[in-house]
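Analysis of the macromolecular model
These are the residues of each chain, in order.
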Amino acid sequence: MRTFIFLLVAFILFCMNVNSQNRLTPAPNGFDIVREGISHGKIDTIIYFSKTVGNERKALIYTPPGFSKGKKYPVLYLLHGIGGDEKEWFYGGQPQVILDNLYAGGKIEPMIVVMPNGRAMKDDRAKGNIMAADKVQAFATFEKDLLTDLIPYIEKNYPAIKDSEHRAIAGLSMGGGQSLNFGLGNLDTFAWVGGFSSAPNTKIPQELMPKPEEAKAKLKLLWISCGDKDGLMNFSKRTHDYMKANEVPHIFYIDHGYHDFKVWKNGLYMYSQLLFKHVDVTSFDKISNVGRPAETNVRSANYPQILPDGHAVFRLKAPEVQKVQLDLGKKYDMVKNNEGVWEVTTDSLSEGIHYYSMIIDGVAVSDPSSETFYGMGRMASGFEVPFKGDSYYEEKDVPHGDIRIKRYYSKVTNSWRNFYMYTPPGYDENFSTKFPVLYIMHGGGEDQRGWATQGKTDLILDNLIAAKKAVPMIVIMVDGNFPLNGFGEESLKVFEKEIKQCIIPFVEKNYRVKNEAQYRALAGLSMGGIQTLYTGVRNTDMFSYLGVFSSGWFATQKDLTDPQYEYWGKNADKINNNLKTFWISQGGKEDIAWQNCQIMRSRLDEMKIKYSYSEYPGGHTWPVWRNNIFNFAQILFK
């Protein structure tokens, strides 16, 4: 009977452990914040003699809460990147905080963590040209230092378990490449291997793992992760593809982010929970494909979640209602579980912002878990499928400007209106400096908030100005909506009056701006592009730069369009002489304005009006327009 009870308990514990792997999720808010009232581990500096290098070397060592020399521990060797040293994880990632919190939650096994200097050379400081050949070679030399000097030192001086099943290695960037190279190249030493955003030093897969069958037999866990916006993704992807082709069990987790500690800390959080436990390889696919909360979720809301393949999962707790649908352009019926939670998984979605509503018993409402945006002519929930290659609007450690909201009285509409305004870094510090101005308009169904919120104009300009790729400028984000019936020449004339008689005079009276035409630009997307075509081309004595994004005169509305072409033809020389740049762009053939634009371009060519043209794939979407302002801003006022 005792044997039966013991086996039953063991089986239950086994199932709990397997389920815990299935439930492995990305790090929640607060996972890296010091918590009071829990036990804390300890970080020390150790000094060991390296026969490989020929002198003493330093490393940091973390011992877990309740550490005792009378107990044996597994060891994780945690490696840094090319620009760091043994303290990079400590300063950038605070691993001791992450691990302490995981211990407090009972989520990880007690382990020693060693953070060495992976640059095995006499002067191993991260200074000078870190890409110099001798310093890059030192990262490869560290394999010998690790195996013959550091590991023996740790296992002599600390109560470490001395076998491969109790040794793990992981690292970020250059250290991720080292971890894959050293770990998979020494399977008798490491059974747990992890690479976070592994760098180009990662060996090609055929050299990394020439004998897949041996790896299957000896590896407990191979973890590969990278940010979806990381320029080094291809090195992780090629390793994953090779492992998949050779049926080597592994986790390939695509995080949401760039080449930074946000991604690497989450990698440590997830990877460490799997170490030195029973491994259920059947859970690997579930872990690889776990969703991550959308960036647009409110506070700590877990849903909507974006899956690595571009699908999205939505949940809503509403136990009393009879029917719930997700309206994402396409309507999805949601299914209720026993706890009153409705859920649905969408088709694979295109990159960029998607507006949506929840239809609850026939009434369309916003999702309480999501931020709302003014889109589709009303307030709507919104979320964004990550867009690759968009690091130009990443939040970086650079000087930041401000987004301001300014009210003004319009004599054109006889009402109070407002615009959003970007002022560059330093605007409030140097009161003698005047700035050029870009006036920019949104598209139909949106308003002046669009370029500030959906467009991320401030981040784009901050990063460009910091990189000296754009001139510091003020950006006025205009409300192009007016209380008129429909959109036509009447509304375009009202817009022209609003710009000329109200907005520009107000800006030039109240802000330090240059008031010559060569320091004014006008641009807009979609409907705002038409407003630019109308007002900008008719007032080239006021604007020297015009930007037309995803727009063009309507080919089917001749009453509106033909008079514009007639004006252009009569004033072609004036337009060419006054404009420094007439910049037209489209989101590729999938852009709904593409055909109109091509017809307009042919007319421009006939009239010999000079312009520049570019396409950026993505259709009629915000990722395209962000890229438009990124490129257009670099041309302005130079």
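Computed from a prediction, not measured in an experiment: that's the story for all the values here.

**Let's talk about the side chain of serine 585**
Mapping serine 585 onto the fold places it in strand S26 (residues 581-586). Side-chain polar atoms of serine 585 contact the side chain of asparagine 628, separated by 3.3 Å. Once residues lying within four places of it in the same chain are set aside, the contact partners of serine 585 are Val548, Phe549, Ser550, Ser614 and Asn628.

**Observations regarding the environment of lysine 107**
In this structure, lysine 107 sits in the loop between helix H3 (95-104) and strand S4 (112-116). Of the residues examined, lysine 107 reaches a relative accessible area of 38% and is grouped as partly exposed. Taking the C-alpha atoms as reference points, lysine 107 and valine 365, 258 residues apart in sequence, are found 38 Å from one another. Those residues in contact with lysine 107 that sit more than four places away from it in its chain are Leu102, Tyr269, Gln273 and Lys277.

**Here we look at the packing of helix H13 (residues 527-538) against helix H14 (residues 558-570)**
In helix packing, the relevant descriptors are the interaxial angle and the interaxial distance, both defined with respect to the helix axes. At their nearest, the axes of H13 and H14 sit 11 Å apart, and the two run at 30 degrees to each other. With respect to each other, H13 and H14 are oriented roughly parallel. Viewed along their axes, H13 and H14 form a crossing whose handedness is left-handed. Note on element contacts: H14 touches H13 through Pro563, Gln564, Tyr567 and Trp568, opposite Leu533, Tyr534, Val537 and Arg538. In terms of residue class, the contact of H13 with H14 is built from six nonpolar, one polar and one charged.

**Re the layout of surface pockets**
The gaps of empty space that remain are located by a probe, the size of a water molecule, rolled over the atoms. Roughly 310 Å³ of volume is contained in the second largest pocket. In this structure, the second largest pocket is lined by 16 residues; those nearest its centre are Ile353, Tyr355, Glu446, His620 and Trp625. Elements that contribute at least two residues to the lining of the second largest pocket include exactly strand S16 (352-360) and helix H17 (622-633). With three residues, S16 is the single largest residue contributor to the lining of the second largest pocket. Here the lining of the second largest pocket is composed, by residue class, of six nonpolar, eight polar and two charged.

**Digging into unusual backbone geometry**
For the bond from tyrosine 303 to proline 304, the omega torsion is 5 degrees, close enough to zero to count as cis. Examined against the element boundaries, proline 304 turns out to sit in the loop between strand S9 (292-293) and strand S10 (305-306). You will see that glutamate 247, though not glycine, has its phi angle at about 55 degrees, which is positive. As for its placement among the helices and strands, glutamate 247 is situated in the loop between helix H8 (233-245) and strand S8 (251-255). Glutamate 247 sits in the exposed class, given a relative accessible area of 62%.

**Some thoughts on the confidence of the model for the protein**
Should pLDDT be low for a region, the predicted coordinates there are not to be read in detail. For the protein, per-residue confidence averages 93 on the pLDDT scale, and 96% of positions sit at 70 or higher. Here residues 3-22 is modelled with pLDDT under 50, and outside its nearest four sequence neighbours on either side it reaches 14 contacts, counting other chains as well.

**Observations regarding the pairing of strand S11 (residues 312-317)**
Inspection of the sheet shows S10 paired to S11 by two bridges, in the antiparallel sense. Pairing of glutamine 305 across the sheet is with valine 313, part of S11. As paired elements, S11 and strand S15 (residues 341-345) share five bridges and run antiparallel to each other. Looking at the pairing, leucine 316 lines up with tryptophan 342 of S15.

**Overview of the nonpolar core**
Counting 47 residues, the largest nonpolar core has Tyr439, Ile476, Trp553, Trp568 and Phe582 as the members making the most contacts within it. Not counting chain neighbours up to four residues away, the residues in contact with tyrosine 439 comprise Ile476, Ile503, Ile504, Val507, Arg520, Ala521, Leu522, Ala523 and Phe543.

**Digging into the pattern of salt bridges**
This model, assessed by the stated rule, comprises 24 salt bridges. The closest approach of N and O atoms between aspartate 228 and arginine 292, which form a salt bridge, is 3.2 Å. Of this pair, aspartate 228 sits in the loop between strand S7 (221-227) and H8 while arginine 292 sits in strand S9, placing them 64 residues apart in sequence. Two residues, lysine 570 and glutamate 566, come together in a salt bridge whose shortest N-O distance is 3.3 Å.

**Points about H14**
Here H14 contains 13 residues, and its C-alpha end-to-end distance of 18 Å stays within 8% of the 18 Å for a straight helix at 1.5 Å per residue. Looking at H14, one finds that the buried residues are Leu560, Thr561, Gln564, Tyr565 and Trp568. The buried residues of H14 occupy one face: seen down the axis, they fall within an arc of 115 degrees. The outward face of H14, more than 90 degrees from its buried face, is lined by the exposed residues Lys558, Asp559 and Lys570. Packing partners of the buried residues in H14 comprise helix H12 (489-510), H13, helix H15 (572-578) and helix H16 (594-606).

**A few points about the sheet that holds strand S20 (residues 402-410)**
Spatial strand order, S20-S21-S23-S22-S24-S25-S26-S27: eight strands in an open sheet with mixed pairing. The open sheet has two free edges, formed respectively by S20 and strand S27 (612-615), since each of these has just one partner strand. The sheet shows a mean angle of 20 degrees between the axes of neighbouring strands, direction not considered. Note that S20 and strand S21 (residues 415-423) share nine bridges and pair antiparallel. Bridged to tyrosine 408 within S21 is arginine 417. Helix H11 (residues 457-466) contacts S20, S21 and strand S23 (474-478) of the sheet and is inclined by roughly 30 degrees relative to S21. Against the sheet, H12 makes contact with S20, S21, strand S22 (437-441), S23 and strand S24 (520-525), and its axis sits at roughly 115 degrees relative to S20, the strand it touches most.

**Considering the sheet that holds S15**
If you walk across this open sheet you meet the five strands as S9-S10-S11-S15-S14, and the pairing is antiparallel. Lying at the two open borders of the sheet, with one neighbouring strand each, are S9 and strand S14 (335-336). In this sheet, S10 lies alongside S9 in antiparallel orientation, the contact comprising two bridges. Its bridge partner being in S10, arginine 292 is matched across the sheet by isoleucine 306.

**Some points on H3**
The buried fraction of H3 amounts to nine of the ten residues, a majority that puts the element mostly inside the structure. Within H3 the residues assigned to the buried category are Pro95, Gln96, Val97, Ile98, Leu99, Asp100, Asn101, Leu102 and Tyr103. On its buried side, H3 packs onto strand S1 (42-50), strand S2 (55-63), strand S3 (75-79), helix H2 (88-92), S4 and helix H9 (261-272).

**Things to note about empty space enclosed by the protein**
One pass over the structure, following the stated rule, counts one cavity of 30 Å³ or more. For the lining of the largest cavity, a count of residues per class yields four nonpolar, one polar and three charged.

**Regarding the packing of aromatic side chains**
Using the criterion set out here, one finds 32 aromatic pairs in the structure. Between tyrosine 565 and tryptophan 568 the ring centres are 5.7 Å apart and the planes differ by 75 degrees, which places this aromatic pair in the edge-to-face class. With tyrosine 565 and tryptophan 568 both in helix H14 and three residues apart, the pair spans about one turn of that helix. Classification of tryptophan 568 as buried rests on a relative accessible area of 2%. Taking the centre distance of 5.2 Å and the plane angle of 80 degrees together, the rings of tryptophan 622 and tryptophan 625 count as edge-to-face.

Procedures and definitions
Residues numbered from 1 in each chain as written. Predicted model: local features only at pLDDT ≥ 70, side-chain atom pairs only at ≥ 80, totals over all residues. Heavy atoms only, no water. Helix = DSSP H or I, 4+ residues; strand = E, 2+ residues; numbered from the N terminus. Polar contact = N/O pair within 3.5 Å; in protein donor to acceptor, adjacent residues only side chain to side chain. Contact = heavy atoms within 4.5 Å. Buried < 20%, exposed > 50% of the residue type's maximum accessible area, 1.4 Å probe, protein only. Axes fitted to C-alpha atoms, helices over the stretch in contact; angles between N-to-C directions. Parallel < 35°, antiparallel > 145°, perpendicular 65-115°, else oblique. Left-handed = near helix turned anticlockwise from the far one by under 90°. Nonpolar A, V, L, I, M, F, W, Y, C, P; charged D, E, K, R; others polar. 1 Å grid on protein atoms, 1.4 Å probe; cavity = no way out; pocket = protein on both sides within 12 Å on 5 of 7 lines; lining within 4 Å. Points joined across faces, edges and corners; volume = space filled by probe spheres on them. pLDDT = per-residue confidence, 0-100. Pairing = 2+ DSSP bridges. Core = buried A, V, L, I, M, F, W, Y, C linked by side-chain atoms within 4.5 Å. Salt bridge = Lys/Arg side-chain N within 4 Å of Asp/Glu carboxyl O. Expected span 1.5 Å × (residues − 1). Arc of directions from axis to C-beta. Phe/Tyr/Trp six-rings, centres within 6.5 Å; stacked < 30°, edge-to-face > 60°.

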